[in-house]
Amino acid sequence: KIPYGEKIFRSLLDLNGPLRSNPGLARVVMVRVDGRPAVYNLCLAYRGKMWLIDHGADSATFAARPNNLIYSRIIRDAFGEGIGEVDLGAVPPDAESLAGFKQGLDGCPYQRKSAVRSNLSFRMAQKVGNMLKIRRGGRSK
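Here's a quick rundown of the structure. Here, residues in each chain are numbered from 1, in the same order as that chain's written sequence. pLDDT decides what is reported in this predicted model: residues at 70 or higher carry local features, side-chain atom pairs at 80 or more are listed and counted, and totals for whole chains, interfaces and linings draw on all residues regardless. Working from all heavy atoms in the structure, the side-chain values ignore hydrogens and water.

### Side note on the sheet that holds strand β2 (residues 36–46)
Where strands meet in a sheet, backbone hydrogen bonds hold them as pairs that are either parallel or antiparallel. To be explicit about the condition: Strand pairing follows a simple DSSP-based rule, namely that at least 2 bridges must link the two strands. Counting from the N terminus, the helices are DSSP H or I runs at least four residues long and the strands are E runs at least two residues long. Fitted lines through C-alpha atoms serve as axes, helices being fitted only where they are in contact, and the angles separating the N-to-C directions of these axes extend from 0 to 180 degrees. The contact criterion used throughout is that any non-hydrogen atoms of two residues lie within 4.5 Å.
With mixed pairing, four strands are arranged side by side in an open sheet as β1-β2-β3-β4. Bordering the open sheet on either side are β1 (26–33) and β4 (85–87), each of which pairs with just one other strand. Between one strand and the next, the sheet's axes are offset by a mean angle of 25°, whatever the strand orientation. Sheet topology note: the β1/β2 ladder contains eight bridges and is antiparallel. Bridge assignment links V29 to a residue of β2, and that residue is N41. In the packing of helix α1 (residues 6–13) onto the sheet, the strands contacted are β1, β2 and β3 (49–57), and the crossing angle to β2 comes to about 75°.

Written as structure tokens, this is what we have:
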């Protein structure tokens, strides 16, 4: 999950902001349960493709299955407007149920390469954390 800051969200969602010439680029899709927001997705659509870049859910509403509804709605509406590809996001290791859920929406597995860039202070903190794990008998990656 990529932690986006408030500035990014404001830029994407401000109708008078820098993306006003492409109002269909960013979309927020929300499902409500009993009138309350239950789950949302922030989607980006560009050149016939859509990416789901942020997701939030209220776990207290999971019995109503809002995740099932939102994903099927996003896919239906995207294909209905001519978008030919919807990227539902990565499946973390050991998340077979999530992979099964996405494939159940007629999704197909797709491998992609990605790169992560971190700053020096983060890398140093990560090394210290790994050293502490080793000293305590834990494993380090």
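So much for the structure itself; the text now carries on.
### Comments concerning the environment of P66
Positionally, P66 belongs in helix α2 (residues 66–80). Sequence separation between P66 and R32 is 34 residues; the distance between their C-alpha atoms is 7.8 Å. With near-sequence residues (within four places) excluded, P66 lies in contact with V31, V33, A38, V39 and T61.

### A look at the nonpolar core
The condition that has to hold: By nonpolar core we mean a set of buried residues, namely Ala, Val, Leu, Ile, Met, Phe, Trp, Tyr and Cys, connected to one another through side-chain atoms within 4.5 Å. Categorising residues by exposure relies on relative accessible area from a 1.4 Å probe, with only protein chains included: less than 20% of the type maximum marks a residue as buried, more than 50% marks it as exposed, and the intermediate range marks it as partly exposed.
M50, L52, I70, I74 and V86 are the most contacted members of the largest nonpolar core, which has 15 residues in total. Only β1, β2, β3 and α2 provide two or more residues apiece to this core. At five residues, α2 tops the list of elements feeding residues into this core. One finds L12, L25, A26 and L42 within the second-largest nonpolar core, a separate group that totals five residues.

### Quick notes on unusual backbone geometry
With phi around 60°, R65 is a residue other than glycine that occupies positive phi space. Note that R65 resides in the loop between β3 and α2. You can call R65 exposed: its relative accessible area is 52%. A positive phi is found at D106, a non-glycine position, where the angle reads about 70°. Position of D106 among the secondary structure elements: in the loop between α3 (96–104) and α4 (120–135). On the basis of relative accessibility, which here comes to 74%, the residue D106 falls in the exposed class.

### Digging into a nonpolar patch on the surface
Cut-off, in case you're wondering: Only residues whose relative accessible area exceeds 30% and that form no salt bridge enter a patch; like-charged residues are grouped when within 9 Å of one another, and nonpolar side chains (Val, Leu, Ile, Met, Phe, Trp, Tyr) when within 5 Å. The method behind every accessible area is Shrake-Rupley, applied with a 1.4 Å probe, and residues are considered shielded solely by the protein chains displayed. Throughout this description, the term salt bridge denotes a Lys or Arg side-chain nitrogen within 4 Å of a carboxyl oxygen of Asp or Glu.
Together, L13, V28, M30 and Y40 line one region of the surface with nonpolar side chains, adding up to about 320 Å² of accessible area. When you line up the elements, M30 lands in strand β1. Residue classification places M30 among the partly exposed residues on the basis of a relative accessible area of 33%.

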